[in-house]
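Architecture and fold: a report
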Amino acid sequence: MVAQVDRSYIRARPSRLWSRLLAYLFFEGRPLTTRGQWLNPLIFFLFELQKRMPILRTPSSPVFILGTGRSGTTILGIVLSMNKDVGFLNEPKAIWAALRDDEDLIGSYHRDAARYRLGAVDVSPELKSAAHRIYGSYLRFSMTRRIVDKYPELIFRVPFVRKIFPDAKFIFLSRNGWDTCCSIDDWSTRLGTQVDDQNHDWWGVNRRKWNLLVNQIIPEHADLSPHVGMLRDLKDQKLMAATEWIVTMREGMRLLESYPDDVMHVHYESLCDRPATVCKQIAEFAGLTNDAVFLEYAEKVLIKPERKAEFDLPPALQTPFRATIGALAELGDE
């Protein structure tokens, strides 16, 4: 589906089609595992123009969806985009790559050194101004008032984002670990490609994202860091996904402690079990309107996923993985 739009989406609120197509064509960029990468030079050219324009609309309280990919982050963004206030940007990594060359973990736009973590000290006045101008342009041209930005890896960059948007809200979405890992494995198998001597899959160009995760994030975890050599050599997609899931879920739980007023945790399973109820809670947390079309659409499209079977984990991952499942189970939805 182009821009994650289908007939039921258009029928529910036809006015949303424009904002989604605008985002898809001119703001989100085309990552390396997708078609249409010829658009990227045009998109980056437009970003440079927007950086020099006046702020067309001031971004107010943008909402960021965080977590691990394949955890329901896209469908949550699509549901929130049905809200009459919202313009939804689905992984607009091109915007962030246009703001900083070293933020591209996948290698879709830049291939030089990259950093998993970015903090407040990495935000210059020029970068903050550029971000406000680009996001403000999207708000103006999409005729929306609030931005929802789904970029799961920003979970490791919340202080960076807060420095740019001090009034930002964050939704930390978690999904059952076994299901998430199986979904990542399936995605990488279906969409991974070989381009000349490069492998492009979930882990970026020739495992770029994986190597960055192992080198920069794993050393922060006392129980995982002794196994960094073993982890670096992993080839099994499910085991790699399990590692990413552990450290990402731990990061989300730390954020809940650090920013209790600005971070909301949502279980994907709860979202699918009680769509209207949980979406009302999200809307109240983010300061969005609880309009009927938005809630009816949530009831229609949020369907409880089929559970996946457990798989074998090496001892180095077994205990951390199951402990993380237990810790998440103790968290209720806000």
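Right above here is the structure, for reference.
Quick caveat: nothing in here was measured; it's all calculated off a predicted structure. (Residues numbered from 1 in each chain as written. Predicted model: local features only at pLDDT ≥ 70, side-chain atom pairs only at ≥ 80, totals over all residues. Heavy atoms only, no water.)

Concerning the sheet that holds strand β8 (residues 263-267)
Strand order in this open sheet of 5 strands is β2-β3-β1-β4-β8, and the pairing throughout is parallel. Two strands bound the open sheet, and with one partner strand each, they are β2 (86-90) and β8. On average, each strand axis in the sheet is tilted by 20 degrees relative to the strand beside it, whichever way the strands run. Here 5 bridges tie β2 to strand β3 (residues 146-150), and the two strands are oriented parallel to one another. Directly across from V86, in β3, lies its bridge partner R146. Packing against the sheet, helix α11 (residues 237-258) makes contact with β1 (63-67), β4 (169-174) and β8, and its axis sits at approximately 140 degrees to β4. (Pairing = 2+ DSSP bridges. Helix = DSSP H or I, 4+ residues; strand = E, 2+ residues; numbered from the N terminus. Axes fitted to C-alpha atoms, helices over the stretch in contact; angles between N-to-C directions. Contact = heavy atoms within 4.5 Å.)

Description of the packing of aromatic side chains
Here a ring pair, both rings aromatic, is described through the centre-centre distance and the interplanar angle of the planes. This structure, assessed with the given rule, holds 17 aromatic pairs. Where Y116 meets F156, the ring centres are 5.2 Å apart and the plane angle is 90 degrees; that geometry is what we call edge-to-face. With Y116 in the loop between α5 (93-99) and α6 (125-142) and F156 in the loop between β3 and α7 (158-164), this residue pair connects regions lying 40 residues apart in the sequence. Comparing Y116 with F156, the two get one shared label, buried. The cationic tip of R30 hangs over the ring face of Y24; the distance from NZ or CZ to the ring centre is 3.9 Å. We note K169 situated over the ring of F285; from NZ or CZ to the ring centre the distance is 5.3 Å. (Phe/Tyr/Trp six-rings, centres within 6.5 Å; stacked < 30°, edge-to-face > 60°. Buried < 20%, exposed > 50% of the residue type's maximum accessible area, 1.4 Å probe, protein only. Lys NZ or Arg CZ within 6 Å of the ring centre and 35° of its normal.)

Here we look at unusual backbone geometry
We note that S61 has phi near 45 degrees; this positive angle belongs to a residue other than glycine. In this fold, S61 is placed in the loop between α3 (40-52) and β1. The class of S61 is buried, set by a relative accessible area of 19%. Positive phi is not limited to glycine here, since E91 has a value of about 50 degrees. Topologically, E91 is positioned in the loop between β2 and α5.

Quick look at the nonpolar core
Ranked by internal contacts, the top residues of the largest apolar core, which has 75 residues, are F47, F64 and W96. Ranked by residue count, the leading element in this core is α11, at 11 residues. Core analysis: the next-biggest nonpolar cluster, separate from the first, contains 31 residues, Y268, A286, L288 and L302 among them. (Core = buried A, V, L, I, M, F, W, Y, C linked by side-chain atoms within 4.5 Å.)

Shape descriptors only; they carry no functional weight alone.
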